[in-house]
Amino acid sequence: SAPASAEPAPYAGDVAVVTGVAPNSIAAQVVNGLLAGGATVIATSHSFRPSVKAWARETYRTHARAGAQLWLVPANLSSYRDVDALVDWVGHVQKKTSGATTTVLKPAYEPSLFFPFAAPPVHGSLADSGALFESQARLMLWGVERAIAGFAAIGADTDVQHRLHVVLPGSPNRGVFGGDGAYGEVKSAFDAIVNRARAEHDWSGRVTFAHPKIGWVRGTGLMGGNDPLVEVVERHGLTTYSTEDIATELLKLVSAEAREQARTAPLDVDLTGGLGGAPIDIRALRAEAMAD
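Keep in mind the model is a prediction, meaning the values are calculated, not measured.

A. Highlighting the overall build of the chain. The helix and strand inventory of the chain stands at 10 helices and 11 strands. In terms of overall size, the chain behaves like a compact globule, its C-alpha atoms giving a radius of gyration of 19 Å where 292 residues would be expected to give roughly 19 Å. If one aligns the C-alpha atoms of the chain with their principal axes, the spans along those axes are about 70 × 40 × 40 Å. Per-residue burial for the chain yields a buried fraction of 48% across its 292 residues. In the chain, of all internal contacts separated by at least 6 residues, the share reaching a separation of at least 24 is 72%. Of the accessible surface of the chain, which amounts to about 14200 Å², a share of 53% is contributed by carbon and sulfur atoms. Treating the 25 positive side-chain charges of the chain as one cloud and the 30 negative ones as another, the clouds have centres 6 Å apart.

B. Up close: the nonpolar core. In this structure, Phe114, Ile148, Phe151, Val166, Leu168 and Phe209 are the most contacted members of the largest nonpolar core, which totals 39 residues. In terms of residues, this core owes the most to one element, helix α4 (residues 131-153), which gives 10 residues. When near neighbours in sequence (up to four residues on either side) are disregarded, Phe209 contacts Ile148, His165, Val166, Leu168, Ile193, Val194, Ala197, Trp203, Ala262, Pro266 and Leu267. In terms of nonpolar packing, the next biggest core, distinct from the first, is built from 37 residues, Ala64, Phe115, Val254 and Leu271 among them.

C. Structural context of the pattern of salt bridges. Using the criterion set out here, one finds eight salt bridges in the structure. Measuring nitrogen to oxygen at the nearest pair gives 2.9 Å for the salt bridge that ties Glu58 to Arg61. Of the two residues, Glu58 and Arg61 are both situated in helix α2 (residues 50-63); the distance of three residues between them amounts to about one turn of the helix. Arg61 gets classed as exposed once you look at its relative accessible area, which sits at 63%. A salt bridge links Asp191 to Arg174; the shortest N-O distance between them is 3.1 Å. On the criterion of sequence distance, the pair formed by Asp191 in helix α5 (residues 183-199) and Arg174 in the loop between β7 (164-167) and α5 is long-range, its members being 17 residues apart. Judged by its relative accessible area of 29%, Asp191 is partly exposed.

D. Structural context of the sheet that holds strand β6 (residues 113-116). Reading across the sheet, the seven strands line up as β3-β2-β1-β6-β7-β8-β11 and stay open at both edges, with parallel pairing between neighbours. Two strands in the sheet have a free side with no partner beyond their single neighbour: β3 (69-74) and β11 (267-271). For this sheet the average axis-to-axis angle between neighbouring strands, irrespective of direction, equals 15 degrees. Across five bridges, strand β8 (residues 207-214) lies against β11 in parallel orientation. In the sheet register, Lys213 faces β11, and the bridge partner there is Asp270.

E. Spotlight on unusual backbone geometry. Positive phi values are uncommon outside glycine, yet Asn24 reaches one of about 70 degrees. Positionally, Asn24 belongs in the loop between β1 (15-19) and α1 (26-36). According to the relative accessible area criterion, Asn24 is exposed, its value standing at 59%. With a phi angle near 50 degrees, Ala66 is a residue other than glycine that sits in the positive phi range. For Ala66, the location among the structural elements is in the loop between α2 and β3.

F. Up close: the packing of α1 against α2. Close contact between α1 and α2 brings their axes to 9 Å; oriented N to C, the two are set at 35 degrees. The way α1 lies across α2 gives a crossing that is right-handed. Where α1 abuts α2, its residues Ala28, Val31, Asn32, Leu35 and Ala36 lie against Trp55, Thr59, Tyr60 and His63.

G. The environment of Val15, seen in detail. When you line up the elements, Val15 lands in strand β1. With relative accessibility at 9%, the residue Val15 sits in the buried group. The sequence separation of Val15 and Leu113 amounts to 98 residues, and the corresponding C-alpha distance is 6.3 Å. Those residues in contact with Val15 that lie beyond four places of it in its chain are Thr40, Ile42, Tyr109, Glu110, Pro111, Ser112 and Leu113.

H. Main features of the packing of α4 against α5. Remark: α4 packs on α5, axes separated minimally by 10 Å, with the N-to-C direction vectors making an angle of 20 degrees. By the angle between their directions, the pair α4 and α5 is classed as roughly parallel. Crossing of α4 over α5 shows right-handed handedness. In contact with Phe133, Gln136, Ala137, Met140, Leu141 and Glu145 of α4, α5 contributes Tyr183, Glu185, Val186, Ala189, Phe190, Ile193 and Arg196. For the contact of α4 with α5, a count of residues per class yields nine nonpolar, one polar and three charged.

Conventions used here
- Residues numbered from 1 in each chain as written.
- Predicted model: local features only at pLDDT ≥ 70, side-chain atom pairs only at ≥ 80, totals over all residues.
- Heavy atoms only, no water.
- Helix = DSSP H or I, 4+ residues; strand = E, 2+ residues; numbered from the N terminus.
- Rg over C-alpha atoms; globule rule 2.2 N^0.38 Å.
- Buried < 20%, exposed > 50% of the residue type's maximum accessible area, 1.4 Å probe, protein only.
- Contact = heavy atoms within 4.5 Å.
- Areas by Shrake-Rupley, 256 points an atom, 1.4 Å probe, with all protein chains shown as cover.
- Lys, Arg positive; Asp, Glu negative; His and termini not counted.
- Charge placed at Lys NZ, Arg CZ, Asp CG, Glu CD.
- Core = buried A, V, L, I, M, F, W, Y, C linked by side-chain atoms within 4.5 Å.
- Salt bridge = Lys/Arg side-chain N within 4 Å of Asp/Glu carboxyl O.
- Pairing = 2+ DSSP bridges.
- Axes fitted to C-alpha atoms, helices over the stretch in contact; angles between N-to-C directions.
- Left-handed = near helix turned anticlockwise from the far one by under 90°.
- Parallel < 35°, antiparallel > 145°, perpendicular 65-115°, else oblique.
- Nonpolar A, V, L, I, M, F, W, Y, C, P; charged D, E, K, R; others polar.

Shown next, in the form of structure tokens:
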């Protein structure tokens, strides 16, 4: 469904980079909403499997309105070289020359929206800390920081007014489930990114943030394994979300009003559904689900 808005194409002037796109993911649902609002979307995926390409074609056919465009770009964003190559590709014109003819394949883009959703399967306890945790943090944290700085710098010398609005997908999960690798540490570190933006003006003058804390989303790569617990969890008063529910909420954070507000202070939004309030005993919940 198109985002509710008085104007039919609220994102017509936007270039949005969405990383970590896979069919049925939150990122994919965000892409749907952006396309319905007329955005130019650059979606990255580490997998270029036929299923991902088929998803991109289908999602464009179903959702794109008002001159929306969709680029699907292969990128392994746990590699800093790929992060830099993506920034470079977005910011520069891509041409193809054959003989005397030069065709512009893609113009130089200045991204106005960034949704960093690339995440690995996270596993491992604190006792496994080391190379495994480092690769997870490289993808979910340091690569994200590098990409924010890179995208923010595009056009800095020519387009002084330009802003990159970043929707940082935060979480109330600070290790409460156990066994999910560096996830808790990374999500804690997002608080620091938002804080340092106030102090580090060399890059942050062109960046605004929304930092929603996202709770239990059903059927994602991260939480899908816990889907059998949903009924029990909701009985205990927590709200769980579908990927579509969450995407709708996230798109509210990129409205013109939200972006204007973010220039004053980062948007801190609670989409936890109560997760992260009282400590959660995942073992007890599993036992209860088994008893059901």
